[in-house]
Amino acid sequence: MQFLMLVFKILFILTFFHLFSTSLSLAQEPQPAPAVSESACAEADRRALLGFKDKILKDTTDILSSWTGTDCCGGGWEGIECDPVTRRVNRLILQRPSERDTSIYMKGILSPTLGDLHFLETMIISGMKHIAGKIPESFSNLTKLQQLILDDNSLQGYIPTSLGHLSSLQTLSLGENHLSGQIPSTIGNFKNLQQLNLAGNLLTGPIPIAFKNLAKLQSMDVSHNLLSGVIPDFLGQLQNLTYLDLSSNQLSGQIPISLCNLLKLSFLSLDHNRMTGRIPSQIGRLKALTSLSLSFNKLTGQIPESIAGLPNLWNLSLSRNSLLDPLPIAFSNGLHSLLSIDLSYNNLNLGTVPDWIRNRELSDVNLAGCKLRGRLPNFTRPDSLNSIDLSDNFFCDGISNFFARMSSLQKAKISNNQLKSDVALIKLPDGISSLDLHSNQLFGSFSKMLSNKTSKFLEVIDVSNNQLSGNIPEFSNGLNLKVLNLGSNKIAGQIPTSISNLDKLERLDISRNQIAGTIPIGLGSLLKLQWLDLSINKISGKIPDSLLGIEELRHANFRANRLCGEIPQGRPYNIFPAAAYAHNLCLCAKPLPPCKGKKQDKLGQ
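- An unreviewed UniProt entry lists the chain under the name Probable leucine-rich repeat receptor-like protein kinase At1g35710, from Nicotiana tabacum.
- Turning to the chain, the UniProt annotation filed under Subcellular location (unreviewed entry) states: "Cell membrane".

Next up, the structure:
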């Protein structure tokens, strides 16, 4: 479901930028050359841009290295465009070339001199990660500005109230920064504003009443902030809204019925707030709605039957509320576009998975904590499932062949049930990447669970707190495991030296087993390891010094083994608590007492 939600957001943003780019292209069709001879760009514009360049301490994007010469409009200054007639800078677009490469960034601040680009219509300085400082007050001088996009940086301080002077603004995007304080009411001056993104900051206070003036607003995202108070009724007056995300704040009160007047709304998320009361039955008016997310609130009552009449709804997420039985009968014949359903952790006592879920072609099913019992369900279209979560229920049978026809399955979580099976009989899909079966009653040899095909794609496997036996298997090169949790089983043997092949491993837990032998020196080559728990086994020998090379390690536990010798003296091993090394044979040195015959170094050295 999270994957589909992410895809929806990305598609929405890409569509917006496509329309934005197209409109700019149309607006900048080739025009007749001016009668007078071309001259270099205005000196004021050149100085303003060089003022910004001077404030950038480091530029690994290498964009600003092209800003040389006297003519910033000559085509050689990357990210700069000018009006062909006036020869004034009208577009400044600096974006990280690769979203995945975090080594590419700019470090510095936004120079106030950018406010001297009086003909600027578009300013995009996005994804540079390390551009910090405040948004300059001088930006209020950019009265021709239509697009101001400064997202995914490290900007701090308040949003300047003076930005309210930018009456031509159509897009304001300041998301994914460190901005604080209240949202200024002057944003209500943007009568032409269509896109507003303030998500992922530290903004506080209420949603300003001045927002009621944003009659042309189509998209509003203020998610992942610290906003409080109620959701104001006047949002229901913004008839052009198609996208509304208020999730991950501290908003309270009831869901306003007025939101059900937004007939163009296709995306509504109020996740992770403090909403109370019932889901309005009038929500069935939102016929354009494709995604409805109300999870992690305090909503009560029954799920409105009117939701069944939403013809375009593909995502319905209502988890972690206090919603009650019964589920609407109309769901059996409605919700024709549904792909993703999440009803987990409510006050539902379903008993069995409803037929209208089993018989649909769904991609994501999340029914954790719904008091389901008996045998795992038989899905009519198992090949469509991408993820499934049936954890925290009372299933006791049917795991052996449950995954057999789920050819598209990537994530499965059926933890904390009462499933009994020999794990060797469980047939896993070849492409599964995350498998969580912890806290069941599974038995048999763990090494027989993984096939050569399956293990190539697995990134997460958690089979802890079962009754598995056998040894830890050998690991070949090229595996992608990031999490391996075998804790609280009956696994014996040694830690294989081939564990060093798991070079992507971030979390390893083999605690509470019967593992003997020594800690392989090659464990120190797992440089991405953040969590290591070897406690309560029969491991002997010393803790190898090679583990000092794992600089990312944040948690380690060697308690209750048969280890002996000096604890590696370097961070983080000598600052882990003494309890992490307790109940061993003869471990010594920080944080335990000094080894015999050696003087203890001063703490912190």
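**Overview of the overall build of the chain**
Phase 1: Helices and strands together make up the secondary structure of the chain, namely four helices and 40 strands.
Phase 2: Projecting the C-alpha coordinates of the chain onto the three principal axes gives extents of approximately 85 × 70 × 40 Å.
Phase 3: Going through the 605 residues of the chain one by one, you find that 52% of them count as buried.
Phase 4: Sequence separation of 24 or more characterises 49% of the internal contacts of the chain that already satisfy a separation of 6 or more.

**Observations concerning the confidence of the model for the chain**
Phase 1: Per-residue pLDDT for the chain has a mean of 91; in total, 91% of the residues score no lower than 70.
Phase 2: Considering only residues more than four positions removed or in separate chains, one finds that residues 14-38, a stretch of pLDDT under 50, has 14 contacts.
Phase 3: Across residues 600-605, where pLDDT falls below 50, the model places 12 contacts with residues more than four positions away in sequence or in other chains.

**Focus: the packing of aromatic side chains**
Note on aromatic pairs: each is described by the distance of the centres and the angle between the planes.
Phase 1: On inspection of all chains with the given rule, the structure shows eight aromatic pairs.
Phase 2: Relative to Trp-67, the ring of Phe-52 has its centre 6.1 Å away and its plane inclined at 50°; by these criteria the two rings are tilted. In this pair, Phe-52 is assigned in helix H2 (residues 43-55) and Trp-67 in the loop between strand S1 (56-59) and strand S2 (80-82), connecting sequence segments 15 residues apart. Take Phe-52 and Trp-67: they sit in the same class, and that class is buried.
Phase 3: Pairing Tyr-243 with Phe-267 gives two aromatic rings, centres 4.4 Å apart and planes at 5°, and the pair type is stacked.

**Details of unusual backbone geometry**
Phase 1: At the junction of Asp-325 and Pro-326, the peptide bond is cis and its omega measures out at -10° in the coordinates.
Phase 2: Within the secondary structure layout, Pro-326 lies in the loop between strand S22 (322-324) and strand S23 (340-342).
Phase 3: Cis geometry marks the peptide bond from Lys-590 to Pro-591; its omega dihedral reads 0°.
Phase 4: Mapped onto the elements of the fold, Pro-591 is located in the segment after strand S40 (586-588).
Phase 5: At Asp-62, a position not held by glycine, the phi torsion is positive, near 65°.
Phase 6: Within the secondary structure layout, Asp-62 lies in the loop between S1 and S2.
Phase 7: One non-glycine residue, Tyr-345, lies in positive phi territory at about 55°.
Phase 8: By secondary structure assignment, the location of Tyr-345 is in the loop between S23 and helix H3 (355-358).

**Details of the sheet that holds S1**
Phase 1: Taken in spatial order, the three strands of this open sheet run S1-S4-S6, and their pairing is mixed. Pairing within the sheet leaves two strands with one partner each, and these edge strands are S1 and strand S6 (129-132). Ignoring which end each strand starts from, the neighbouring axes of this sheet average 10° apart.
Phase 2: Both strand S4 (residues 106-109) and S6 contribute to a ladder of four bridges, which runs parallel. From the neighbouring strand, Lys-107 faces S6, where its bridge partner is His-130.
Phase 3: Packing of H2 onto the sheet brings it into contact with S1 and S4, and relative to S1 it is tilted by some 75°.

**Some details on the pattern of salt bridges**
Close approach of charged atoms allows side chains of opposite charge to pair.
Phase 1: Overall, the coordinates contain 12 salt bridges when judged by the stated rule.
Phase 2: Notably, a salt bridge pairs Arg-88 with Asp-45, separated by 3.0 Å at the nearest N-O pair. Pair noted here: Arg-88 is in the loop between S2 and strand S3 (89-95) and Asp-45 is in helix H2, with a separation of 43 residues, a long-range link.
Phase 3: Judged by relative accessible area, which is 18%, Arg-88 ranks as buried.
Phase 4: It is possible to trace a salt-bridge network through shared partners that takes in Glu-43, Arg-46 and Arg-47.

**Thoughts on empty space enclosed by the protein**
Phase 1: Counted under the stated rule, the structure contains one cavity of 30 Å³ or more.
Phase 2: There is about 40 Å³ of room inside the largest cavity.
Phase 3: Lining the largest cavity we find Ile-255, Pro-256, Leu-259, Cys-260, Leu-268, Pro-280, Ile-283 and Leu-286.

**As for the state of the cysteines**
Phase 1: Within the structure shown, the criterion is met by four disulfides.
Phase 2: Paired by a disulfide, Cys-73 and Cys-82 hold their sulfur atoms 1.9 Å apart. Classification of the bridge connecting Cys-73 and Cys-82 rests on its S-S torsion, roughly -85°, and on that basis the disulfide is left-handed.
Phase 3: For Cys-73, a relative accessible area of 13% corresponds to the buried category.
Phase 4: Residue pairing for Cys-588: its cysteine sulfur links by disulfide to Cys-595, the two sulfurs lying 1.9 Å apart. The sign of the S-S torsion, about 90°, decides the handedness of the disulfide formed by Cys-588 and Cys-595: right-handed.

**Quick look at the sheet that holds strand S31 (residues 441-445)**
Phase 1: Spatial strand order, S29-S31-S33: three strands in an open sheet with parallel pairing. In the strand order of this sheet, the two ends are held by strand S29 (420-422) and strand S33 (467-469), each with one partner. Pairs of neighbouring strands in the sheet enclose a mean axial angle of 10°, with direction left out of account.
Phase 2: Across three bridges, the pairing between S29 and S31 is parallel. For Asp-422, the partnering residue across the bridge sits in S31 and is Phe-443.

**Some thoughts on the nonpolar core**
Phase 1: By size, the foremost hydrophobic cluster in this structure holds 162 residues, and its most contacted members are Met-123, Ile-125, Met-220, Phe-403 and Phe-558.
Phase 2: Only H2, S2, S3, strand S5 (122-126) and H3 provide two or more residues apiece to this core.
Phase 3: When residues of this core are sorted by domain, at least three fall in each of domain 1 (39-222) and domain 2 (227-347).
Phase 4: With sequence-adjacent residues up to four places away left out, Ile-125 is seen in contact with Phe-52, Leu-92, Leu-94, Leu-110, Leu-114, Ile-131, Ile-149, Leu-150, Asp-151 and Asn-153.

Calculation notes
Residues numbered from 1 in each chain as written. Predicted model: local features only at pLDDT ≥ 70, side-chain atom pairs only at ≥ 80, totals over all residues. Heavy atoms only, no water. UniProt positions renumbered as here; feature names shortened; annotations may be inferred. Helix = DSSP H or I, 4+ residues; strand = E, 2+ residues; numbered from the N terminus. Buried < 20%, exposed > 50% of the residue type's maximum accessible area, 1.4 Å probe, protein only. Contact = heavy atoms within 4.5 Å. pLDDT = per-residue confidence, 0-100. Phe/Tyr/Trp six-rings, centres within 6.5 Å; stacked < 30°, edge-to-face > 60°. Pairing = 2+ DSSP bridges. Axes fitted to C-alpha atoms, helices over the stretch in contact; angles between N-to-C directions. Salt bridge = Lys/Arg side-chain N within 4 Å of Asp/Glu carboxyl O. 1 Å grid on protein atoms, 1.4 Å probe; cavity = no way out; pocket = protein on both sides within 12 Å on 5 of 7 lines; lining within 4 Å. Points joined across faces, edges and corners; volume = space filled by probe spheres on them. Disulfide = S-S within 2.5 Å. Core = buried A, V, L, I, M, F, W, Y, C linked by side-chain atoms within 4.5 Å. Domains from an automatic or database assignment.

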